[in-house]
Amino acid sequence: MANTDNQHAPQAHAPQADDATARGRPLLRTLRVWDTDLPPFDLEAAPDRPLPLFWRWFVDVAEAGQVEPHTMSLATVDESGRPDVRTLMLHDADEAGWHFGSHAGSAKGRQLATHPEAALGFYWPAQGRQIRVRGHVTAASPEASRADLAHRSTGALASALVGRQSEVLPSYDDLMTASQSAWDRAQSDPNAPAPTWTLYVLAPREIEFFQGDIRRRHVRLRYRRETGTGSGGAGDAGWVRELLWP
């Protein structure tokens, strides 16, 4: 009986999947983009360096009600040169670059160890804005990585203590058991070490600020570091500003 049930299970779910597809595809064409008033992009007021403009836009979208403005996409390539992307949290942005964290043994950690070039993407639909950042990634010192983790929540520490990110999970029960143990330790020892936790810093070579326009006259301002200037940090001189066609 068990084998018979398993054979029929996929057939029972198929009509639901087909129904979702039949509903989803027409729905896709009805969805509107930026159904709100979008702010202007005052190019004359744009600073010479991208970092101040990033924080100005960040504050603007947060005050406009953007949910989780500190989430971003991180794109890397694997050992075969195939692209990979995921969403994670921004930890900081300063003169050194854009900061984020992960385990050194995770998929992204292994990829960055092999190909330390990456791109970040922020999308803030509350104001029709995007920011794209491309550059070289370095791993911070163990001391800086520990300090980064110390500033995060109990849940973040517990997740770091679980580790094993991107490894195959035998069952969800295994995750529940490991997570509960890590949570208990994180609560009892807020300074518990997570040896593989690593703070990464992306030093930008290109940063693009995109302001959407309802008539598709999007404004794209790119900051590009001139060849041979600066050491790679966000605060170095040598930025060229240029507009791009949308």
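Residues numbered from 1 in each chain as written. Predicted model: local features only at pLDDT ≥ 70, side-chain atom pairs only at ≥ 80, totals over all residues. Heavy atoms only, no water.

A. Representation of the overall build of the protein chain in the model. What the protein chain contains, in helices and strands, is six helices and nine strands. Of the roughly 15000 Å² of accessible surface on the protein chain, 52% is carried by carbon and sulfur atoms. (Helix = DSSP H or I, 4+ residues; strand = E, 2+ residues; numbered from the N terminus. Areas by Shrake-Rupley, 256 points an atom, 1.4 Å probe, with all protein chains shown as cover.)

B. Molecular detail of the pairing of strand 5 (residues 117-124). Residue alternation in strand 5 divides its side chains into a buried set, A118, L120, F122 and W124, and an unburied set, E117, A119, G121 and Y123. Alignment of strand 1 (residues 71-77) against strand 5, held across three bridges, turns out to be antiparallel. Bridged to S73 within strand 5 is G121. Across eight bridges, strand 5 lies against strand 6 (residues 129-139) in antiparallel orientation. By the bridge assignment for strand 6, A119 is matched with R134. (Buried < 20%, exposed > 50% of the residue type's maximum accessible area, 1.4 Å probe, protein only. Pairing = 2+ DSSP bridges.)

C. Examining the packing of aromatic side chains more closely. In total, this model carries 13 aromatic pairs according to the counting rule given. The interplanar angle of 45 degrees and the centroid separation of 6.3 Å between the aromatic rings of W34 and F210 together place this pair among those described as tilted. One end of the pair, W34, is in the loop between helix 1 (2-30) and helix 2 (50-63); the other, F210, is in strand 7 (residues 197-211), and 176 residues separate them in sequence. Residue class for F210 comes out buried when judged on its relative accessible area of 12%. An angle of 75 degrees between the planes, with centres 6.2 Å apart, marks the rings of F58 and W124 as edge-to-face. Here W124 lies in strand 5 and F58 lies in helix 2, a separation of 66 residues in the sequence. Across the pair, W124 and F58 agree in class, each one buried. Through successive ring pairs, a cluster of aromatic residues spans F54, W55, F58, W98, F122 and W124. A cation sits over an aromatic face here: R129 above W57, 4.1 Å from the ring centre. The positively charged end of R225 is found above the aromatic ring belonging to W239, 4.1 Å away from the centroid. (Phe/Tyr/Trp six-rings, centres within 6.5 Å; stacked < 30°, edge-to-face > 60°. Lys NZ or Arg CZ within 6 Å of the ring centre and 35° of its normal.)

D. Spatial organisation of the packing of helix 5 (residues 154-162) against helix 6 (residues 172-188). Between helix 5 and helix 6, the least distance of the axes is 8 Å, while the angle of their chain directions is 125 degrees. With respect to helix 6, the element helix 5 is oriented oblique. In the packing of helix 5 onto helix 6, the handedness of the crossing is right-handed. Contact residues: T154, G155, L157, A158, L161 and V162 in helix 5; A178, S179, A182, W183, R185, A186 and Q187 in helix 6. Broken down by class, the residue content of the contact of helix 5 with helix 6 amounts to eight nonpolar, four polar and one charged. (Axes fitted to C-alpha atoms, helices over the stretch in contact; angles between N-to-C directions. Parallel < 35°, antiparallel > 145°, perpendicular 65-115°, else oblique. Left-handed = near helix turned anticlockwise from the far one by under 90°. Contact = heavy atoms within 4.5 Å. Nonpolar A, V, L, I, M, F, W, Y, C, P; charged D, E, K, R; others polar.)

E. Geometry of the confidence of the model for the protein chain. Predicted confidence across the protein chain gives a mean pLDDT of 86, with 88% of residues reaching 70 or more. Contacts of residues 1-10 to residues separated by more than four positions or lying in other chains number zero contacts, the stretch itself having pLDDT below 50. (pLDDT = per-residue confidence, 0-100.)

F. Region of interest: a nonpolar patch on the surface. Residues L169, Y172, L175 and M176 make up a contiguous nonpolar surface patch of about 400 Å² in total accessible area. By secondary structure assignment, the location of Y172 is in helix 6. (Patch = residues over 30% accessible without salt bridge, like charges linked within 9 Å, V, L, I, M, F, W, Y side chains within 5 Å. Salt bridge = Lys/Arg side-chain N within 4 Å of Asp/Glu carboxyl O.)

G. A look at the side chain of S102. Within the element layout of this structure, S102 appears in strand 4 (residues 97-103). A relative accessible area of 1% places S102 in the buried class. Among the polar contacts made by the side chain of S102, one reaches the side chain of S106 at a distance of 3.0 Å. (Polar contact = N/O pair within 3.5 Å; in protein donor to acceptor, adjacent residues only side chain to side chain.)

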